[in-house]
Amino acid sequence: MPNANLYAALRAAFPADLDATAVETADTPAPLHYTWRDLERGSAMVANLLQSLALPPASRIAVQVDKSVEALVLYLAVLRAGHVFLPLNTAYQAGEIAYFIGNAEPAVVVCSGRNFGWVSQIAFQAGTKHVYTLNDDRTGTLLDRAAQQADRHTVAHSSADDLAAILYTSGTTGRSKGAMLSHGNLLSNAQVLKQAWGWVPGDVLIHALPIFHVHGLFVASHGALLNGSKMIWFARFDPRAALARMREATVFMGVPTLYVRLLAEPGLDHAATQHMRLFVSGSAPLLIETFTDWQRRTGHTILERYGMSETVMLTSNPYRPEAARRGGTVGFPLPGVGVRVRDDQGRALPAGEIGGIEVRGPNVFSGYWRMPEKTKEEFTPDGWFKTGDVGRIDPEGYVTIVGRSKDLVISGGYNVYPAEIEGIVNELPGVAESAVIGVPHPDFGEAVVAVLVPRPGATVDGAAVVAALKAKIANFKVPKQVFVVAELPRNTMGKVQKNLLREQHKALFAA
Ligand code: MLC
Ligand code: AMP
């Protein structure tokens, strides 16, 4: 059986000249150049370190570190060692991390040095035996220990169905679920995107997204690696600095907020983006204004695509000019991906009609980590995954997302599940109940807002609620505004009418 390990496929795509630059850092004090050989040797050393721990195959390696090239190397090492990469957003606080570690039971946890105290305490309590640190200045115990390892390593043999990564994604009810993605899921999608987006020799990617979610870790990194393309690596997105590098790059990928912030740069024009070949947007709806403003300012048409943690990429606007990239749509199903729209009773809907989007394909995950019941609920009896997105497919085949059946807010490309925030707000002293909604926001697309009702006789201060939440949950989940009201609007069934709240507060952040 050929080795289906994703690292083996990525490695095979490295250019013949292993001393060429694979990654150049853009926001370190001085630029750092990592060659393809550095990626190969560095990942071999970290893989050897993991191997020296004699972990069972497919052990989870949980990683909460700032973005760095070494963090990417760690990801490659986990792949090649045959373990399962579990990336965690650096914004997550202790309560969130405790849940992920308790649920995933990782054999190894890697965290930044400044968090070692509390993260290691959580990890050791959960039974994790090895906790390493990795800082964004190339220090930490992970690299110290890896430096003692050999720089040659034979890539573990994996089948296409073997797990490569677990990505936690929140649920409409209860806690986050770990989406289990296999080597085959990730590689098939990367290969399809390489074709679909016309990657060519000489492409250079500006990598400015975090690497703990699908967009930055898989779509962007795999795209460049599988094409042997150099990446210009930003640890933090800075619109002015990113724009300056477009004169030497060809591909950029971003969530809509990145495009909004680039549009605010006076220097964004045809000349500044002339060297670029492709701008990709996804993870959240791209406003038609952003799409048309971008066209006007740069002469480029943003290519919008649609995906999710459970499926990697599903649809894409066309790259080649035979068909137009249509603003407001997410394009056509990618080759090999099935997309269908059905009503609440599971009846197929004709073109143009709005219903639930269901998908299948080699990219679709196998299920949620240790949640067989939840997994069963999210798949139809005939094996299609219910995305929770609502949309339509027009007669020409373009898919348009019109809303979500899941109660979800997407803020700056990050998902926030109101049920999770409401649960935490309701526990705060003096709070009787709450409703969390998303309202339009000029920068983040949607912003989280909480409306709460105090207990009889209690006084609750909105600013104090925000301060309390900042200590408990990731900053992007914290409401940008809190309203204290006497009661929540309810329908005759007693259900909170969030649509009325959204309507009432829709102009809160009007630009
Ligand atoms: C930061 N803040 C956010 C936020 N990001 N608030 C809401 N939503 C967000 N996304 C908070 C900060 O903590 C700060 O709070 C305040 O907002 C302003 O911060 P900032 O300095 O403006 O934020 P910045 O660090 O510049 O980050 C913004 C961003 C970042 C857009 C660069 O959020 C980002 O990288 N987003 C990309 C997310 C992503 O990669 N998504 C892909 C998921 S994969 P305070 O209180 O401290 O002032 C997926 C599948 C698919 O969805 O299809 O791709
Ligand atoms: P995540 O769970 O973080 O992977 O987010 C996946 C969700 O992001 C999808 O189910 C969609 O709701 C949303 N999404 C991703 N891409 C787009 C897009 N181009 N337009 C609208 N929504 C999108």
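Worth saying up front: this structure is predicted, and the values here are computed from it rather than measured.

Enquirer: Sorry if this is basic, but what is going on with the site of ligand 1 here?
Expert: Close contacts around ligand 1 come from 23 residues, with Ser283, Arg305, Ser411, Lys470 and Asn475 the closest. Taking Ser411, its side chain carries an N or O atom lying 2.7 Å from a nitrogen atom of ligand 1. Within the backbone of Gly413, one N or O atom sits 3.0 Å away from a nitrogen atom of ligand 1. Within the complex, 75% of the 1,000 Å² of free accessible area of ligand 1 lies under protein. Elements with a minimum of two residues in the shell around ligand 1: helix H8 (214-226), helix H10 (256-263) and strand S13 (303-308). With three residues, H10 is the largest single contributor of residues to the shell around ligand 1. Of the residues belonging to the shell around ligand 1, the class tally is nine nonpolar, nine polar and five charged.

Enquirer: Whenever I open this one, the domain arrangement of the chain confuses me. Can you help?
Expert: Domain boundaries in the chain define domain 1 (6-25 + 35-188), domain 2 (330-404) and domain 3 (408-505). For domain 2 and domain 3, the distance between their C-alpha centroids amounts to 29 Å.

Enquirer: Help me understand the pairing of S13, please; the structure alone is not making it clear to me.
Expert: Walk down a regular strand and you will see the side chains alternate between the two sheet faces. Most of S13 is tucked away, with five of its six residues classed as buried. Relative to S13, strand S12 (residues 278-281) runs parallel, the two being bridged by two bridges. Opposite Val280, over in S13, you have Leu303 as the bridge partner. Two strands pair when backbone bridges link them, and S13 and strand S14 (residues 312-316) are joined in this way by four bridges, in the antiparallel orientation. Looking at the pairing, Gly307 lines up with Met313 of S14. Hairpin connection of S13 to S14: three residues between the antiparallel strands.

Enquirer: I tried to follow the packing of aromatic side chains on my own but got confused; where do I start?
Expert: One pass over the full model with this rule turns up 20 aromatic pairs. Both rings, one in Tyr99 and one in Tyr168, keep their centres 6.4 Å apart while their planes meet at 80 degrees; by these two values the pair is edge-to-face. With Tyr99 in helix H4 (residues 94-104) and Tyr168 in strand S7 (residues 163-169), this residue pair connects regions lying 69 residues apart in the sequence. Take Tyr99 and Tyr168: they sit in the same class, and that class is buried. Arranged with centres 5.0 Å apart and planes meeting at 85 degrees, the rings of Tyr259 and Trp294 form a pair that is edge-to-face.

Enquirer: How should the sheet that holds strand S20 (residues 399-404) be read in this particular structure?
Expert: Two strands in a sheet stick together by hydrogen bonds in their backbones, pointing the same way (parallel) or opposite ways (antiparallel). In spatial order, the strands read S16-S17-S19-S20; together these four strands make up an open sheet with antiparallel pairing. The sheet is open, and its two edges are formed by strand S16 (338-342) and S20, each paired on a single side. Looking at each pair of strands side by side, their axes are set apart by 50 degrees on average, direction ignored. Direction of pairing for strand S17 (residues 355-360) relative to strand S19 (residues 385-393): antiparallel, over a ladder of four bridges.

Enquirer: Looking at this model, I keep getting lost on the site of ligand 2. Mind explaining?
Expert: Around ligand 2, the surrounding shell holds 17 residues, and the nearest of these are Arg305, Ser309, Asp389, Lys406 and Asn415. In this structure, Glu304 approaches ligand 2 through a side-chain N or O atom, which is 2.9 Å from a nitrogen atom. At 2.6 Å from an oxygen atom of ligand 2 is found a main-chain nitrogen or oxygen belonging to Ser309. When residues of the shell around ligand 2 are traced back to their parent elements, those giving at least two are S13 and S20.

Enquirer: Looking at this structure, I do not really get the environment of Ala510. What am I missing?
Expert: Its place among the elements puts Ala510 in the segment after helix H15 (498-504). Spatially, the C-alpha atom of Ala510 lies 6.8 Å from that of His441, the residues being 69 residues apart in sequence.

Cut-offs applied
Residues numbered from 1 in each chain as written. Chains lettered and ligands numbered in written order. Predicted model: local features only at pLDDT ≥ 70, side-chain atom pairs only at ≥ 80, totals over all residues. Heavy atoms only, no water. Near = heavy atom within 4 Å. Polar contact = N/O pair within 3.5 Å; in protein donor to acceptor, adjacent residues only side chain to side chain. Areas by Shrake-Rupley, 256 points an atom, 1.4 Å probe, with all protein chains shown as cover. Helix = DSSP H or I, 4+ residues; strand = E, 2+ residues; numbered from the N terminus. Nonpolar A, V, L, I, M, F, W, Y, C, P; charged D, E, K, R; others polar. Domains from an automatic or database assignment. Buried < 20%, exposed > 50% of the residue type's maximum accessible area, 1.4 Å probe, protein only. Pairing = 2+ DSSP bridges. Phe/Tyr/Trp six-rings, centres within 6.5 Å; stacked < 30°, edge-to-face > 60°. Axes fitted to C-alpha atoms, helices over the stretch in contact; angles between N-to-C directions.

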